[in-house]
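# Analysis of the macromolecular model
These are the residues of each chain, in order.
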Amino acid sequence: MRGWLYVIVDFSYGEEKIRKTLEAGVDYIQLREKDISSAEYLRRAKRLQQMVQGSDTKLIINDRLDIALLCGAHGVHLGQNDVPVREARRLLGAGKIIGATAKTAAQARQAAGDGADYLGSGAWFPTETKKDAVPMTEEVYRAILAEASIPNVAVGGIDAENGRKPLSCGASGLAISAGILKAENPAAEVRKVRELLDEFF
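We now turn to the structure provided with this report. Model, not experiment: these values are computed from the prediction.

## Points about the sheet that holds strand β7 (residues 152-155)
An order of β1-β2-β3-β4-β5-β6-β7-β8 is seen for the eight strands of this closed barrel, with the pairing classed as parallel. Direction aside, neighbouring strands of the sheet carry axes that sit 25 degrees apart on average. Examined bridge by bridge, strand β1 (residues 4-9) and strand β8 (residues 173-176) share four bridges and lie parallel to one another. The partner of Val-7 across the bridge, within β8, is Ile-176. In the packing of helix α2 (residues 38-52) onto the sheet, contacts are made with β1, β2 (28-31) and β3 (58-62), and the angle to β3 comes to roughly 165 degrees.

Written out as structure tokens, the structure is:
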């Protein structure tokens, strides 16, 4: 298995940085937009879908099942307050990817049982993206991994320097946002993360 390089973006980083990140080669790119209209969210989702066409990168839409369906994304990532995984699977069918946030072993068990394809767990480190994120301990993370056999990507303040910690616990990959997009050279950061992943997979 290859370690997942999963990048979370919004268009405030700028289209050029997103494009350079994609060109460097990532496995998944998640669009996570806050405080914009549904119409604008859909416009950005369609633009990102155009950007990934012809590549191996899979487009995931955060929170919004409707946007994922309308833009033709590869899948959706659902938080605990979003449409339940079981209902999303009923709408999307077997061919689409459903990710779910799991902060506890019980949430991991529920999401896996309801048909999620992968889990995202954190926050591993302080993050500007979610200032209210609760830190995740290694003990809780290992319990989550033990409870659900589907892949789990570690999330929250991760970059090429600190990603070794969750990988050593058994993460299937790393979900990174500012750690790549805020860099002057996003492609160089992608290469660094890929080198780290290659040490484990």
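Still more to cover.
## Focus on the environment of Gln-30
Topologically, Gln-30 is positioned in strand β2. Distance in space between the C-alpha atoms of Gln-30 and Glu-161 is 21 Å, their sequence separation being 131 residues. If we skip the residues at most four places from it in the chain, Gln-30 touches Tyr-6, Val-7, Ile-8, Val-9, Ile-60, Ile-61, Asn-62 and His-77.

## Observations regarding unusual backbone geometry
Look at the link from Gly-122 to Ala-123: it is a cis peptide, with omega at 15 degrees. Looking at the element boundaries, Ala-123 is found in the loop between β6 (118-121) and α6 (138-147). The phi torsion at Asp-35 lies on the positive side, around 60 degrees, for a residue other than glycine. Tracing the chain through its elements places Asp-35 in the loop between β2 and α2.

## Here we look at the pattern of salt bridges
In total, this model carries 18 salt bridges according to the counting rule given. Between Glu-33 and Arg-44 there is a salt bridge, with the nearest N and O atoms lying 3.0 Å from each other. Taken together, the residues span a long stretch of sequence, with Glu-33 in the loop between β2 and α2 and Arg-44 in helix α2 at a distance of eleven residues. On the accessibility criterion, Glu-33 (8% relative accessible area) is buried. Note that Glu-138 is salt-bridged to Arg-142, the shortest N-O span being 3.8 Å. With Glu-138 and Arg-142 both in helix α6 and four residues apart, the pair spans about one turn of that helix. A relative accessible area of 33% places Glu-138 in the partly exposed class. Salt bridges sharing common partners tie together Glu-16, Arg-19, Lys-20 and Glu-23.

Each value, and the rule that gives it
Here the residue numbers are simple positions, counted from 1 along each chain's written sequence. Restriction of local features to residues with pLDDT of at least 70 applies here, the model being predicted, together with a cutoff of 80 or more for giving and counting side-chain atom pairs; totals for whole chains, interfaces and linings are based on all residues. Neither water nor hydrogens contribute to the side-chain values; these are computed over all heavy atoms in the structure. Whether two strands pair comes down to DSSP finding at least two bridges between them. The way it works is that DSSP assigns letters per residue, a run of H or I at least four long becomes a helix, a run of E at least two long becomes a strand, and they are numbered from the N terminus. Note on method: axes are straight lines fitted to C-alpha atoms, helices fitted across the in-contact stretch only, with angles between N-to-C directions ranging 0 to 180 degrees. Any pair of residues with heavy atoms lying within 4.5 Å of one another is described as a contacting pair. When a carboxyl oxygen of Asp or Glu lies within 4 Å of a side-chain nitrogen of Lys or Arg, that pair is called a salt bridge. Each residue gets one of three labels from its accessible area relative to the maximum for its type: buried under 20%, exposed over 50%, partly exposed in between, using a 1.4 Å probe on protein chains only.

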